[in-house]
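# Breakdown of the fold
The chain contents come next:
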Amino acid sequence: AFIKSLGKRPVLGYTSDDSIVDKAGVSVGDVIIKVDNNEVDTPKSTLYCIRKITNEKLGYRGMELTAWKPPPSIHVSLAENQCMTEYHTHSNDAPPSSWDWKSKYVVVGGVVAKPWVINLYYGKRDYDIAVSEINAKRPKVSVKVKSWSLIGAKLITPKPRRIHYSTKN
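Residues numbered from 1 in each chain as written. Predicted model: local features only at pLDDT ≥ 70, side-chain atom pairs only at ≥ 80, totals over all residues. Heavy atoms only, no water.

### What about the overall build of the protein chain?
Assigned secondary structure in the protein chain consists of four helices and seven strands. Counting only residues that meet the buried cut, the protein chain has 26% of its 169 residues in that class. Counting only contacts in the protein chain whose residues sit at least 6 apart along the sequence, the fraction spanning at least 24 positions is 46%. (Helix = DSSP H or I, 4+ residues; strand = E, 2+ residues; numbered from the N terminus. Buried < 20%, exposed > 50% of the residue type's maximum accessible area, 1.4 Å probe, protein only. Contact = heavy atoms within 4.5 Å.)

Now the structure itself:
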């Protein structure tokens, strides 16, 4: 019911760590209501207002966003996180060695990709760099990223099991 009540209102899906927006307390899941006293009700109208104001003021300085922050009872899920991954195999089994796991920042969709694309970055910092470079209309990002399409992918939910990797002293 809550999602339907939002209609097509713009919901913030990304903030950079230590950005002005982050420091102001705006977070993922906040619903943008106004941009400089202009009501917005779609992502397109929001982007239009932000671009117009940016051009008029020669930058983002002085722009006022009015947002509605969901109550704590509404859980906002991110489709990104630092994860341990292993992607060089066609097997569904855990890798034979703990050395085969790699720590990657995994993002499904997001600001940089279509909703059906999964991207792996070295860390959140690399993802933030990619977002900045894409927003700056650079033809290619400077950080390393691995991408896969999820179209036609099968969701496999194996039985949970404990895996023990022996350690050498």
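Once the structure has been displayed, the description carries forward.
### Considering helix 3 (residues 43-57)
Taking 1.5 Å of rise per residue, 15 residues should cover 21 Å, and helix 3 covers 21 Å from first to last C-alpha, within 8% of that figure. Buried within helix 3 we find Thr46, Cys49, Ile50, Ile53 and Thr54. Down the axis of helix 3, the buried side of the element spans an arc of 130 degrees, and every buried residue falls inside it. Away from the buried face of helix 3 by more than 90 degrees, exposed residues Lys44, Tyr48, Asn55 and Glu56 are located. Where the residues of helix 3 are buried, they touch strand 1 (31-35) and strand 2 (38-39). (Expected span 1.5 Å × (residues − 1). Arc of directions from axis to C-beta.)

### Describing the sheet that holds strand 4 (residues 80-85)
Reading across from one edge, 4-5-6-7 is the order of the four strands in this open sheet, with antiparallel pairing throughout. In this open sheet, the two edge strands, each paired with only one partner strand, are strand 4 and strand 7 (145-149). Adjacent strand axes in the sheet meet at a mean angle of 30 degrees when their direction is disregarded. Relative to strand 7, strand 6 (residues 117-121) runs antiparallel, the two sharing five bridges. (Pairing = 2+ DSSP bridges. Axes fitted to C-alpha atoms, helices over the stretch in contact; angles between N-to-C directions.)

### Some thoughts on the side chain of threonine 46
When you line up the elements, threonine 46 lands in helix 3. Under the relative-accessibility criterion, threonine 46 is labelled buried at 5%. In contact with threonine 46, other than residues within four places in its own chain, are Pro10, Ile32, Val35 and Val40.

### Considerations on the sheet that holds strand 1
The strands making up a sheet are joined through hydrogen bonds of the backbone, oriented either antiparallel or parallel. The antiparallel open sheet is built from three strands, whose spatial order is 2-1-3. Taken across any chain shown, the strands that pair with only one partner, and hence form the sheet edges, are strand 2 and strand 3 (65-68). Summarising the sheet, strand 1 and strand 3 pair through four bridges and their orientation is antiparallel. By the bridge assignment for strand 3, valine 35 is matched with leucine 65. Strand contacts of helix 3: strand 1 and strand 2, with the helix running at about 40 degrees to strand 1, the strand carrying the most contacts.

### Let's talk about the pattern of salt bridges
Inspection of the entire model under this criterion finds three salt bridges. Residue glutamate 133 is joined to arginine 138 by a salt bridge in which the shortest nitrogen-to-oxygen separation is 3.4 Å. Overall, the relative accessible area of 8% leaves glutamate 133 in the buried class. (Salt bridge = Lys/Arg side-chain N within 4 Å of Asp/Glu carboxyl O.)

### Digging into a nonpolar patch on the surface
A cluster of nonpolar side chains, namely Val108, Trp116, Leu150 and Ile151, defines an oily patch on the protein surface of about 360 Å² accessible area. Look at valine 108 and you get partly exposed, because its relative accessible area is 31%. (Patch = residues over 30% accessible without salt bridge, like charges linked within 9 Å, V, L, I, M, F, W, Y side chains within 5 Å. Areas by Shrake-Rupley, 256 points an atom, 1.4 Å probe, with all protein chains shown as cover.)

### Structural notes on helix 4 (residues 124-135)
With 12 residues, helix 4 extends 16 Å from end C-alpha to end C-alpha; this agrees with the ideal 16 Å at 1.5 Å per step. Restricting attention to buried positions, one finds in helix 4 the residues Lys124, Asp126, Tyr127, Asp128, Ala130, Val131 and Glu133. Contacts from the buried residues of helix 4 go to strand 4, strand 5 (102-108) and strand 6. Positive backbone phi, at 65 degrees, marks lysine 137, one or two positions downstream of helix 4.

### As for unusual backbone geometry
Phi at aspartate 36 is positive, roughly 50 degrees, even though this residue is not glycine. Locating aspartate 36 in the fold gives a position in the loop between strand 1 and strand 2. The phi torsion at asparagine 37 lies on the positive side, around 65 degrees, for a residue other than glycine. Position of asparagine 37 among the secondary structure elements: in the loop between strand 1 and strand 2.

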